[in-house]
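Secondary and tertiary structure notes
Read off the chains here:
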Amino acid sequence: MTELPYHSRPGEGRQALTLTGLRFDANLGILAHEKAAPQPIQVDAELHLGPQPLAPRDDDIRHVLDYRKVRQIIIDECTAEHVNLLESLIGKLAQRLMQLPGVLGVRVKIAKLEIFDDCEVAIRVETGQW
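Conventions we followed
- Residues numbered from 1 in each chain as written.
- Predicted model: local features only at pLDDT ≥ 70, side-chain atom pairs only at ≥ 80, totals over all residues.
- Heavy atoms only, no water.
- UniProt positions renumbered as here; feature names shortened; annotations may be inferred.
- Helix = DSSP H or I, 4+ residues; strand = E, 2+ residues; numbered from the N terminus.
- Phe/Tyr/Trp six-rings, centres within 6.5 Å; stacked < 30°, edge-to-face > 60°.
- Lys NZ or Arg CZ within 6 Å of the ring centre and 35° of its normal.
- Pairing = 2+ DSSP bridges.
- Expected span 1.5 Å × (residues − 1).
- Buried < 20%, exposed > 50% of the residue type's maximum accessible area, 1.4 Å probe, protein only.
- Arc of directions from axis to C-beta.
- Contact = heavy atoms within 4.5 Å.

An unreviewed UniProt entry lists the protein chain under the name Dihydroneopterin aldolase, with Diaphorobacter limosus as the source organism.

Quick look at the structure:
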């Protein structure tokens, strides 16, 4: 899909909320050692919020997407239960983030940090409007 040019109005800009490098342990994988114990993962997430005022109308947290809530949703979704496939986990997380109020698009990357000694393995997904 071709992205149309964005023309902002005075006092407005296109906004995205980004969390980068969020690390925690998750129950993920098909190998015996992955099923026996959680492993470290890293999540990067970008939520497209579309046109927004350059500053909230009254400097009140109730009028913006609270990044503390987004962070906790990511952790909760990724630790709720054992998931065999990274692809399943990232799809579940992307769908959950798309349900947040005002979110038009989501980009998520989840990396398994210790699956190989010489590299990390990651899946990245993009959904919604960008």
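A word on the UniProt feature "domain: Dihydroneopterin aldolase/epimerase" (unreviewed entry) in the protein chain
UniProt feature "domain: Dihydroneopterin aldolase/epimerase" (unreviewed entry): in the numbering of this structure it lies at residues 17–127. A helix fraction of 28% and a strand fraction of 36% characterise residues 17–127, whose end C-alpha atoms lie 15 Å from each other.

Some words on the packing of aromatic side chains
Across all of its chains, the model carries 0 aromatic pairs by this definition. The residue whose ring lies beneath Arg-107 is Trp-130, and the NZ or CZ to ring-centre distance is 3.7 Å.

Let's talk about the pairing of strand S2 (residues 39–53)
Bridging between strand S1 (residues 12–26) and S2 involves 13 bridges; their strand directions are antiparallel. Its bridge partner lying in S2, Ala-26 is registered against Gln-39. Bridge count for S2 against strand S3 (residues 105–112) is 8 bridges, and the pairing is antiparallel. Looking across to S3, one finds that Asp-44 is bridged to Lys-109.

A look at helix H3 (residues 86–98)
Relative to the 18 Å expected for 13 residues at 1.5 Å per residue, H3 spans 18 Å between its end C-alpha atoms, a close match to the ideal helical length. For H3, the set of buried residues is Leu-86, Leu-89, Ile-90, Leu-93, Ala-94 and Leu-97. Buried positions in H3, seen along its axis, are confined to an arc of 130 degrees and lie on one side of it. Close packing links the buried residues of H3 with S2, helix H2 (67–79), S3 and strand S4 (121–128).

Points about H2
Because an α-helix completes one turn every 3.6 residues, residues spaced three or four positions apart along the sequence face the same direction. For H2, spanning 13 residues, the distance from its first C-alpha to its last is 18 Å, which sits close to the expected 18 Å at 1.5 Å a residue. All of the buried residues in H2 are Val-70, Ile-73, Ile-74, Ile-75 and Cys-78. Contacts made by the buried residues of H2 are with S1, S2, H3 and S3.

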